[in-house]
Amino acid sequence: GVKDVLRKRLKNYYKKQKLTHILSKDSSETDAYYDYICIIDFEATCEDGNATDYVHEIIEFPIVLLNTRTLEIEDTFQRYVKPEIKPQLSEFCINLTGITQDIIDQADTFPVVLQSVVDWMRQKELGTKYKYAILTDGSWDMSKFLNMQCRVSRIKYPRFAKKWINIRKCYGNFYKVPRNQTKLTVMLEKLGMSYIGRLHSGLDDSKNIARIAIHMLQDGCELRVNERMHTGQLMTVSSSLPFEGAAIPQNPQLKN
């Protein structure tokens, strides 16, 4: 419950002091951690009671840029995406996400949006001047939604998204709580916060995930890459590996 999380937060207070010291030190140790964390939470096409073989297409691509030194959201990115297979959204999807058909009709297709993402990340000098990592709320954003979307759009899976921080795993392991207590709204509640914005808005979800990440960093948690894609399969990354940053963003490449 809430008391367990609060107890764990107090117990890890000294870790916060240690991590804050490391992040603020002007030495080679500073390079051991990520300068930025990019929080991504896609919204995708859906229907009430999706079939197991339903093809989800990304309709919102948001990024929240978290500065790990200042523990503040430094910038955000948001683009809507026009689906290629089913360009007509279901009423269920519209009601769930708040994304209307008019918005989708005026949006670009995924390859164009992905190019905009790469351009924005390059402008922020991610992967060049600054070390960064991707962070998601669970495994599905990258292993399912992005993986499936790249197949639909016939482009190669982007290298910068091949590994990421699954904050649900980090939260569960750090605060010693079961996985059924790692849903977004539950994590916020346990940390004494309420959801701000519209639930299932990709950008609002990403901002709230960032708030959780900030609290965890303040409590001394070292958010580490813990999942990756390898030959199209989801795999776990060992927590003993060093803090390796995500790849330099590259232009979308067509599949051969």
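Above this note sits the structure.
Residues take numbers from 1 onward in each chain, read along the sequence in its written order. Under the rules for a predicted model, residues below a pLDDT of 70 receive no local features and side-chain atom pairs below 80 are neither given nor counted, while totals for whole chains, interfaces and linings still include all residues. To obtain the side-chain values, all non-hydrogen atoms of the structure were used and water was disregarded.

*Asks:* In this structure, what is going on with the packing of helix 7 (residues 167-175) against helix 9 (residues 202-218)? I would like to understand it.
*Replies:* When two helices pack together, you describe them by how their axes are tilted relative to each other and by the distance separating the axes. Structural elements are reduced to axes, namely lines fitted to C-alpha atoms, with helices fitted over the stretch in contact, and the angle between N-to-C directions of any two is expressed from 0 to 180 degrees. A run of DSSP states H or I qualifies as a helix once it reaches four residues; a run of E qualifies as a strand once it reaches two. Both are numbered from the N-terminal end. Following both chains from N to C, one finds helix 7 and helix 9 inclined at 35°, their axes separated by 11 Å at the closest point. In this structure, the crossing between helix 7 and helix 9 has a hand that is left-handed. Along the contact surface, helix 7 presents Ile-167, Cys-170, Tyr-171, Phe-174 and Tyr-175, while helix 9 presents Ile-209, Ile-212, Ala-213, His-215 and Met-216. Here the residues of the contact of helix 7 with helix 9 are counted per class, giving nine nonpolar, one polar and no charged. We call a crossing left-handed when the near helix sits turned anticlockwise from the far one by less than a right angle, and right-handed when that turn is clockwise. Between two residues, a contact is recorded if the distance between any of their heavy atoms is within 4.5 Å. Polar here means any residue outside two lists: the nonpolar Ala, Val, Leu, Ile, Met, Phe, Trp, Tyr, Cys and Pro, and the charged Asp, Glu, Lys and Arg; Gly therefore counts as polar.

*Asks:* When you look at helix 5 (residues 110-123) in this model, what are you seeing that I'm missing?
*Replies:* Residues three or four positions apart in an α-helix share a direction because the helix packs 3.6 residues into each turn. By this rule the span expected of a helix is its residue count minus one, scaled by 1.5 Å. Its 14 residues give helix 5 an end-to-end C-alpha distance of 20 Å, which sits within 8% of 20 Å, the value for a rise of 1.5 Å per residue. Burial status follows relative accessibility: with a 1.4 Å probe on protein chains alone, a residue under 20% of its type maximum counts as buried, one over 50% as exposed, and anything between as partly exposed. Residues of helix 5 that are buried: Phe-110, Val-113, Leu-114, Ser-116, Val-117, Val-118, Trp-120 and Met-121. Taken together, the buried residues of helix 5 touch strand 3 (58-67), strand 4 (72-80), strand 5 (132-136) and helix 6 (140-153). A positive phi of about 60° marks Glu-125, the residue just after helix 5.

*Asks:* Looking at this structure, how should I read unusual backbone geometry?
*Replies:* Where the residue is not glycine, phi is negative for most of them; where a peptide bond is considered, it is trans in most cases. In this structure, Leu-71 takes a positive phi of about 55° despite not being glycine. Among the structural elements, Leu-71 can be located in the loop between strand 3 and strand 4. Positive phi outside glycine occurs at Thr-231, with the angle close to 50°. Checked against the element boundaries, Thr-231 lands in the loop between strand 7 (227-230) and strand 8 (233-236). Its relative accessible area of 70% is what places Thr-231 among the exposed residues.

*Asks:* Looking at this structure, how should I read the nonpolar core?
*Replies:* Nonpolar side chains in soluble globular proteins tend to be buried together. Counting 34 residues, the largest nonpolar core has Leu-135, Ile-165, Tyr-171, Ile-212, Met-216 and Leu-223 as the members making the most contacts within it. Mapped onto this core, the elements with two or more residues apiece are strand 1 (36-39), strand 3, strand 5, helix 7, helix 8 (184-190) and helix 9. No other element matches the eight residues that helix 9 contributes to this core. When sequence neighbours within four positions are dropped, the list of residues in contact with Met-216 reads Ile-167, Cys-170, Tyr-171, Phe-174, Tyr-175, Cys-221 and Leu-223. Here the nonpolar core consists of buried residues drawn from Ala, Val, Leu, Ile, Met, Phe, Trp, Tyr and Cys, with membership extended through side-chain atoms lying within 4.5 Å. Grouped together as the second largest cluster of nonpolar side chains are 32 residues, Val-117, Leu-126, Met-142 and Trp-164 included.

*Asks:* What am I meant to see in the pairing of strand 3 here?
*Replies:* For a regular strand, side chains alternate in direction, first toward one face of the sheet and then toward the other. Of all ten residues that make up strand 3, ten are buried, and the element is covered over most of its length. Relative to strand 3, strand 1 runs antiparallel, the two being bridged by four bridges. Following the sheet pairing, Ile-39 is matched in strand 3 by Val-64. Pairing between two strands requires that DSSP report at least two bridges joining them. Strand direction decides the pairing type here: strand 2 (residues 43-44) and strand 3, joined by two bridges, are antiparallel. Bridge pairing in strand 3 places Glu-43 opposite Glu-60. Bridge analysis of strand 3 against strand 4 gives eight bridges, and the strand direction is antiparallel. Bridging across to strand 4, Val-64 finds its partner in Thr-76. Hairpin remark: strand 3 followed by strand 4, antiparallel, with four residues in the connecting loop; positive phi at Leu-71, about 55°.

*Asks:* Can you help me understand the pattern of salt bridges in this one?
*Replies:* Side-chain pairs of opposite charge can arise whenever the charged atoms involved come near each other. Salt bridge, as applied in this entry: a Lys or Arg side-chain nitrogen positioned within 4 Å of an Asp or Glu carboxyl oxygen. Taken as a whole and assessed by the stated rule, the structure comprises nine salt bridges. Between Asp-137 and Arg-168 there is a salt bridge whose closest N-O contact spans 2.8 Å. Within this pair, whereas Asp-137 is found in the loop between strand 5 and helix 6, its partner Arg-168 is found in helix 7, the two being separated by 31 residues in sequence.

Note that every value here comes from positions in space, so none of it alone points to a role or purpose.
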